[in-house]
Amino acid sequence: KLGEDYSGRFTINTHTGAVSTTGVLDREEQQNYILTIQAYDSGPTPLSSSTQIHLMLLDQNDNIPSFTQSSYHASFSEGLPAGTEVLCLSALDADEGLNGEVTYSLTEDSSQGAFSVDASTGVIHTTRSLDRESRAQYTLKAVATDGCSQGPQSSVATVTIQVEDVNDNVPVCGQNPINTWISTRTPLNQIVTTVTATDADQGENGTVQFSFSEQDYMFEINSKSGEISLRRQIREGFSGRKLQVVVSDKGQPFLSSTCLVFIHVKGEQEGLQFTSKVYNATVKENSRAGTWIAKVEANDQTNNRLRITYSIFSGNENQIFTINRQTGEIRVQKESLDFELKDQIKLVVLADNGLQTAHCRVSISLLDMNDNAPVFEYSNYRTSVWEGQVKNTYVMQVFASDPDSGMNGQIEYSIMSGNHNNAFVLDSVRGILVTNVLLDREITPSYKLVLQAADRGSPALSGTTTIRVQVVDVNDNSPAILPMEPVVIAENLPAGYMVTQVTANDVDLSSAITYKFTDNSSNDDCFVIDRYTGVVTLIRALDYEEQTEFTLTVLASDSLHQTTGEIKVQVLDINDNAPVFTQLSYQVELSEQTSADTLVVSVSASDRDSGLNGKISYRLLPSPLQGFHIQPDNGSVFTNKPLKDITSSNQVLLLVEARDGGDPVRSAITSINILILDTNDHAPMFQQDTYTLTVPEDISTGTTLLTLVAVDQDNAPENTHLDYAIIRGNEEKHFCLEVNMVQYKNQMKNIGKLVLCNPLDRETTDSYTLTVSVSDRGTPPLNSSTVIMVTVTDCNDNAPVFTSIEYHAQVSENSIAGTRLVQVSAQDPDLGTNGLLRYDIISGNSKGHLKLDSSSGLLVVNHSLDFEEDSKYTLTIQASDGGESPEGRKVAFTVVFITVLDENDHTPFFMFPIVNCSVLENLPAFTHICSVHAVDNDLGPYGQLFYSILSSCFMDYGSGSPERKDAFAIDPLTGDIHTRQTFDYERESDYCFVVEARDKGDKMATVRVQVSIKGVDEFSPVFTQKQYHFLLPDNAKPGHTVGIVMAMDHDGGVDGLVEYSLVNPSPFFSINKTIGAIFVADPVYRRRGSHASENMVELVVSAGSPRLDSRTATCLVFIDISHSAEALTGVPLDMHMLSLGVTLIMFLFLLVIFVALVLRCKIKQAATQKSAAIAADLNQSTDSFSRSNGQLQNAFCLQELKQPKILTKQDISNPCSQTESNGRKSAEGETAEDQEIKWINEYSSCTRAATMQGKQTSEIPDSAIPGDKISCHSVNLEAEHIVSSKCLITGMASTESLHHFKEEGGGEGLLPVRLRVRELEDNGEIKACLASESLTSLSCPEEQLQGSYSWDSLLDWEPCFQNLASVFTDIGMLPDEELQGGHEELASEASCLMYPPPLITGVVQPGIRTVPPRMPGRVPSLIRRPSYHKYVYSPLSRNTGLTPSAMTPTFSPSLSSLTIRTPNVSPVVSETGVGGIRIDSGPLTASLLEAEIQV
């Protein structure tokens, strides 16, 4: 490429000559380019030529019209006529032609057609006169669009037009006329009234000022505010005044109007008046002159002789109306009434009789007439729409206006003409023009529509406008290629030859068509087409022989659509190809026995030319040998005579020429080389006809057994080349023949080696007869054969094989020795000693229970078997043959599975003799309560157990009651026990039955199941009365009992225990929570001079069980305190008495400290004196409790009263659970005593109660037990004080029943103390305040009721059991009551049962874990014992079931009577839980057989 480079914008392919651009070209920058192209060859001296390309760029619409300003601003005065020029838009487009022609339009026009723009010049005009007062500013969007028919481009500019103000509005009075009243008393300069007016103009044009039309001497007006004030005093005889106020603006020229002001005198009767204040009239617009409107009438009742004249004061500025001055008739004077300008006119009419003036209003309503035709915004419109748009495509919207109203102003749009083929549809109401069909610019490029806007008046008026719709071209048509005739060209034309030119047409506008070949064109890179002109050029020479015809597929595209067309190019043939033989030379082999006229070979040549140019003839070139000839048409060469007569040599050479028929002639030559071959006339032969071999069967594969050699008398290599093969006797493929080339007798020959390919097996085949053949490779091949006899000898190569890989047998565990189990068998196909077998057990018989015969393989029992020890045997048995050496012997293995059958030789048994269960009452049937499990050491089916319920524990238990017998059921497989009915604790609380476990061998075991029914709080307490009334006696002191309330609860157990409390605490009274006694807590005073209603105290008492969630009931208690002392008020405090009281308190405090010190010394001295006596008994008990705390004592004494242990709610996890000691429950409230308890109570430990009285002051403070003689009888209360309650079940611990001691009555503020009784007698007597009777009835009724008795000391008491070896020894000697009562048969059963350690209190302390049983004993009965007579409870006997437990492993009976009456509860409640008692475990002593205690 030469010439100007144009900044590298163009490049050329050095091989193809394709010129392309390197970047985007811009026509607006440069339109024409001249490129110089040079072509040169690659010769030693390169030759070249050059040409020029004139390139002209065509315009593309790539520039958007640009406004000279981004926004335009203009202003003009209002009221100018339509067509006034506002401003001129200007936009430029750098494109040329239609792409650069700019047209202007307005869009987003919110002015409702107030402006229009010239599409060519861009001048904006007004379409009507504008009013600034209606709208002062307009904002338009101006659009500049170029004229491109394919995708025009546009830009937008903002146009802001400001309307300037003109003084075109007259001031308007706010109220016209104005009436006001004054009197003779109105002071000077007082404002009478104010005239207001408005002017719609702006600035000075809208500023108003006021003045009188005529100067008035009595009134004056403020020119700015319009205030009218009194200038002179009103005198008698003043009849009113009519003032005309002129309101004018400050415009140039100014405009003005007149306001009428009537000033009346107060109290003066109005003489002249209109018959109506307002007259209404209706008249058609455009009415003719003289049309009657209305008639007004005024009269003066005071003086009807005066003449009245009428005039129009205001509202008739255009003099449209006239009034008859005498009659008051109003008529039309000018035919200028226009509804569209003003639909209502209001006139002010005055009546004047010379003395007075009156006014009225006349409202005239105009009736609209259809006198205005609809008018379009523009007389003609221009718009465009893309072709090919779907139906109902929006085109534009036209607007027409009709100032008429109602039906006269309703407009309907329609298309009058120009709508060819109904291409458009116009919305008759909105004026929206949309397409109705698919527009096609190529059919109709534009439309001229005439639209009509008609109103609905009668007659209807209409207006028209013209819309020119330009259909914008869319590239929606594909180019079309015209059909072309085939083109014929010679094959030797040079490259660059123009073959033809393709022309395509496109009906779309300005379509630029490009051409190219499709990918599937068969041009083979021979042709190229110009992209823009469609000229097809030859780029290389054609070859007719390669392709005779080309089909070129041309693709014409307009950048969006494309079409294809075909061009057929036919090639003319030229003789430019010489004949070509199929082979460069021919090699022929002939037998030496070839005869005359034998075909030697056929040569063949081809010529790619056609016609005569491709017709070939053959001839033999001259040769010394004359024994061959060739056929000229097909090139077949034959012999003229036998080959032996032609030559004696073994090779002959011939030359053949092929010529075509073209002009000039073209030819080719080839050679024929004839090789004379030897004839195969001798067969190969083996050296022997038969071969014999003997081989062992274990010979390894690959061994050469025999070498075979055969001889052939021929000379040719193929005739002497021998092939060996086994043709018979080798069906199992044990033998192979390997053929090798070796030197044999000074020449290379093929020999065959017989090789063993696969192992031999004598047991399968002991001999082989092989037939081996040998053949040469002559034609035809000749062969011969020989026989090889192979004999196989035996070896120990087979291992024994068992008849079964595993054996199974069953044998009873009771089978005797020698019992036959199973016989194993194996086989060995070897001969002689190699096949002789021996059997041995190699594993699985370590204990020697089984024996195997080594020769026969019979397996028998050797020793006795045990199923539980070995339930099965897995034996591994080996079979070995009799090989020559141990290493060479073959072995085989099998597995024998022996299953030992179980015999029922074990009896089932339970782990525990007794199973304790519990269940809540009222639970539904089939509730699971517990499970029992028995053990059977049998492992087979005899180990499977079945459970059943046999009977109750005793014969009298449940007799005659089917409900008790069938109360429970058991799952026979799992042992799960569930209920079969719903239980009631109050009805029955204990059940006992026997469960049997039986195996399939009818062996069985039994267990006793004890079920305890737990109670549920079902019933609420019921008071005996809903209200109680008590009278407080005179001088009642704290602790005095006022009265007792009583409630009953039908629940059993702790749920039936009733405790009382006050719902609202009282400052004067409290209640004993146990017996319900209400006592005086603090001194009771009543207010001096109080009313009778204030002398009655109301208490609310709540009753409930000790549980936190128990049911409760309440009652009202009224106490009359009218006899109590009156409170002293207003008594002055004597300072002398106060100081005396403080001194006395200090003295008492020092005295108490002194006494405490003396007591402490006494205690230490007493402990020193008795230490020797304590140490003397230390060695008598090796497991005593004193070993843990270092204090060993030998006597049964109250050594130490433990400090109450604070128990939380978690400590008492199951207050109602059954103990697991012996299944018994203590019966509190049943006071019968057995021999053991009486023996303890009558012991001499209580003979020195007086001694305890003398020493208790040293250990026990004020809260301790007093030294008086304790009464040992039941509490005797009056009849109304007796509290009936139910017996408590031992073990039902209740934390809810513990409250502050103050609520129990008596001894306020006393806290529990730790009592220590350390004074021991030499004989081991207990030094305590105990009566000769039992501890079960310690009480003092009088002191208990008065609250002076120290019950807290007794309630804090707890037994501390020490070494009681001698006591328990004596108790063990007592006779057993139940054994004496006819139950001796239970003694034997008791000897085999284990029991948990006994509880001396019969109640398990919550939180103490049970221990395994230690001693056998009799099973105590769980049936309910008959109740004895119940005594009246004392506060101590009403314990809540928190009796502590003392674990005494050597003491079996439940000494419930010993502890039931014993104070065991500390009524103290802490913030974290309930106070309880901690009991230390007693010593461990020898086991004793106990007798059950019945209470």
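All values reported here derive from a predicted model rather than from experimental measurement.

Draft legend 1. Looking closely at the overall build of the chain. On a plain count of helices and strands, the chain comes out with 13 helices and 99 strands. Within the chain, contacts between residues at least 6 apart in sequence are counted, and of these 71% link residues at least 24 apart. When the accessible surface of the chain is split by element, carbon and sulfur atoms take 51% of a total near 77600 Å².

Draft legend 2. Layout of the nonpolar core. Core analysis: the largest hydrophobic core is formed by 28 residues, its most contacted members being Phe274, Val296, Phe321 and Ile364. For this core, the elements supplying multiple residues, two or more each, are strand S23 (272–274), strand S24 (278–284), strand S25 (292–295), strand S27 (309–314), strand S28 (321–323), strand S29 (329–332), strand S30 (344–352) and strand S31 (357–367). Element by element, the count of residues in this core is highest for S31, at 5 residues. Not counting chain neighbours up to four residues away, the residues in contact with Val296 comprise Phe274, Tyr279, Tyr310, Ile323, Thr327, Gly328, Ile330, Val349, Cys360 and Val362.

Draft legend 3. The arrangement of a nonpolar patch on the surface in detail. A contiguous nonpolar patch, built from Leu1144, Phe1147, Leu1148, Leu1151, Phe1154, Val1155 and Val1158 and spanning about 660 Å² of accessible area, is present on the exposed surface. Mapped onto the elements of the fold, Leu1144 is located in helix H4 (residues 1135–1176).

Draft legend 4. Highlighting the environment of Lys266. The residue Lys266 is located in the loop between strand S22 (256–265) and S23 in this model. For Lys266, a relative accessible area of 54% corresponds to the exposed category. With 27 residues separating them along the chain, Lys266 and Ser239 place their C-alpha atoms 9.9 Å apart. With near-sequence residues (within four places) excluded, Lys266 lies in contact with Trp181, Ile182 and Ser183.

Draft legend 5. Molecular detail of the pattern of salt bridges. Following the criterion strictly, the structure yields 22 salt bridges and no others. Taking the shortest distance from any N to any O, the salt bridge between Asp543 and Arg608 comes out at 3.3 Å. With Asp543 in the loop between strand S47 (535–538) and strand S48 (549–557) and Arg608 in the loop between strand S53 (605–606) and strand S54 (616–620), the pair connects residues that are 65 residues apart, well separated along the chain. You can call Asp543 buried: its relative accessible area is 18%. Note that Arg762 is salt-bridged to Glu763, the shortest N-O span being 3.3 Å. Classification of Arg762 by relative accessible area gives buried; the value is 16%.

Draft legend 6. Representation of the side chain of Asp165 within the structure. For Asp165, the position within the fold is in the loop between strand S13 (154–164) and strand S14 (172–173). Only 2.9 Å separates the side chain of Asp165 from the backbone nitrogen of Gln202, close enough to count as a polar contact. At 3.2 Å, the side chain of Asp165 forms a polar contact with the side chain of Asn205. Not counting residues up to four positions away in its chain, the partners in contact with Asp165 are Glu78, Arg132, Glu133, Asp201, Gln202 and Asn205.

Draft legend 7. Molecular detail of the pairing of strand S63 (residues 735–743). Bridging between S63 and strand S64 (residues 748–756) involves 9 bridges; their strand directions are antiparallel. Residue pairing across strands places Gln743 opposite Met748, the latter belonging to S64. If you look at the hairpin formed by S63 and S64, you'll find 4 residues sitting between the two strands, and Lys745 has a positive phi there, around 55 degrees.

Draft legend 8. Main features of the sheet that holds strand S10 (residues 115–117). Read from one edge of the open sheet, 3 strands run S7-S11-S10, paired in antiparallel fashion. Of all strands in the sheet, those with a lone pairing partner are strand S7 (85–88) and S10, marking the two edges. This sheet shows a mean twist of 20 degrees between the axes of neighbouring strands, independent of strand direction. Relative to strand S11 (residues 123–126), S10 runs antiparallel, the two being bridged by 3 bridges. Counted as the bridge partner of Val117 is Ile124 from S11.

Draft legend 9. Local environment of the sheet that holds S48. Strand order in this open sheet of 4 strands is S42-S49-S48-S45, and the pairing throughout is mixed. With one partner strand each, in any of the chains shown, strand S42 (487–490) and strand S45 (514–517) form the two edges of the open sheet. On average, each strand axis in the sheet is tilted by 30 degrees relative to the strand beside it, whichever way the strands run. Bridge count for S48 against strand S49 (residues 562–572) is 9 bridges, and the pairing is antiparallel. Bridged to Thr553 within S49 is Glu566.

Draft legend 10. The environment of Gln356, seen in detail. Locating Gln356 in the fold gives a position in the loop between S30 and S31. Sequence separation between Gln356 and Lys242 is 114 residues; the distance between their C-alpha atoms is 8.8 Å. A distance of 2.8 Å separates a polar side-chain atom of Gln356 from the backbone nitrogen of Leu272.

Draft legend 11. Just the state of the cysteines, in detail. Here the structure, examined in full by the defined rule, presents 4 disulfides. Covalent S-S linkage joins Cys173 and Cys259, the inter-sulfur distance amounting to 1.5 Å. Disulfide Cys173-Cys259: torsion about the S-S bond near -85 degrees, hence left-handed. One end of the pair, Cys173, is in strand S14; the other, Cys259, is in strand S22, and 86 residues separate them in sequence. The exposure class of Cys259 is buried, given its relative accessible area of 0%.

Draft legend 12. Quick look at unusual backbone geometry. Asn176 connects to Pro177 through a cis peptide bond whose omega is -5 degrees. Within the secondary structure layout, Pro177 lies in the loop between S14 and strand S15 (178–182). Here Gln252 and Pro253 are connected by a cis peptide whose omega angle stands at -5 degrees. Within the element layout of this structure, Pro253 appears in the loop between strand S21 (241–249) and S22. For Asn286, which is not a glycine, the phi torsion comes out positive at approximately 65 degrees. Looking at the element boundaries, Asn286 is found in the loop between S24 and S25. Classification of Asn286 by relative accessible area gives partly exposed; the value is 40%. Notably, Asp1002 is not glycine yet its phi reads approximately 65 degrees, a positive angle. Position of Asp1002 relative to the elements: it lies in the loop between strand S83 (990–998) and strand S84 (1004–1014).

Draft legend 13. Representation of the environment of Val900. Secondary-structure assignment places Val900 in strand S75 (residues 891–901). With relative accessibility at 1%, the residue Val900 sits in the buried group. Linking Val900 and Ser812, residues 88 residues apart in sequence, is a C-alpha distance of 5.5 Å. Once residues within four sequence positions are removed from consideration, Val900 is found in contact with Val811, Ser812, Glu813, Leu865, Phe867, Asp870, Ser871, Lys872 and Tyr873.

Draft legend 14. How the structure looks around a negative patch on the surface. Negative charge collects at one region of the surface, where Glu589, Asp678, Asp681 and Glu718 lie side by side. By the element assignment, Asp681 lies in the loop between strand S58 (667–677) and strand S59 (685–686). The class for Asp681 is exposed, based on a relative accessible area of 51%.

Draft legend 15. Representation of the confidence of the model for the chain within the structure. When pLDDT is averaged across the chain, the result is 76; 76% of the residues are at 70 or more. When the criterion is pLDDT under 50, residues 956–960 qualifies, and its contacts beyond four places in sequence or with other chains add up to 11 contacts. With pLDDT under 50 throughout, residues 1360–1365 is counted as low confidence; its partners more than four residues away or in other chains account for 27 contacts.

How each quantity is defined
- Residues numbered from 1 in each chain as written.
- Predicted model: local features only at pLDDT ≥ 70, side-chain atom pairs only at ≥ 80, totals over all residues.
- Heavy atoms only, no water.
- Helix = DSSP H or I, 4+ residues; strand = E, 2+ residues; numbered from the N terminus.
- Contact = heavy atoms within 4.5 Å.
- Areas by Shrake-Rupley, 256 points an atom, 1.4 Å probe, with all protein chains shown as cover.
- Core = buried A, V, L, I, M, F, W, Y, C linked by side-chain atoms within 4.5 Å.
- Buried < 20%, exposed > 50% of the residue type's maximum accessible area, 1.4 Å probe, protein only.
- Patch = residues over 30% accessible without salt bridge, like charges linked within 9 Å, V, L, I, M, F, W, Y side chains within 5 Å.
- Salt bridge = Lys/Arg side-chain N within 4 Å of Asp/Glu carboxyl O.
- Polar contact = N/O pair within 3.5 Å; in protein donor to acceptor, adjacent residues only side chain to side chain.
- Pairing = 2+ DSSP bridges.
- Axes fitted to C-alpha atoms, helices over the stretch in contact; angles between N-to-C directions.
- Disulfide = S-S within 2.5 Å.
- Lys, Arg positive; Asp, Glu negative; His and termini not counted.
- Charge placed at Lys NZ, Arg CZ, Asp CG, Glu CD.
- pLDDT = per-residue confidence, 0-100.

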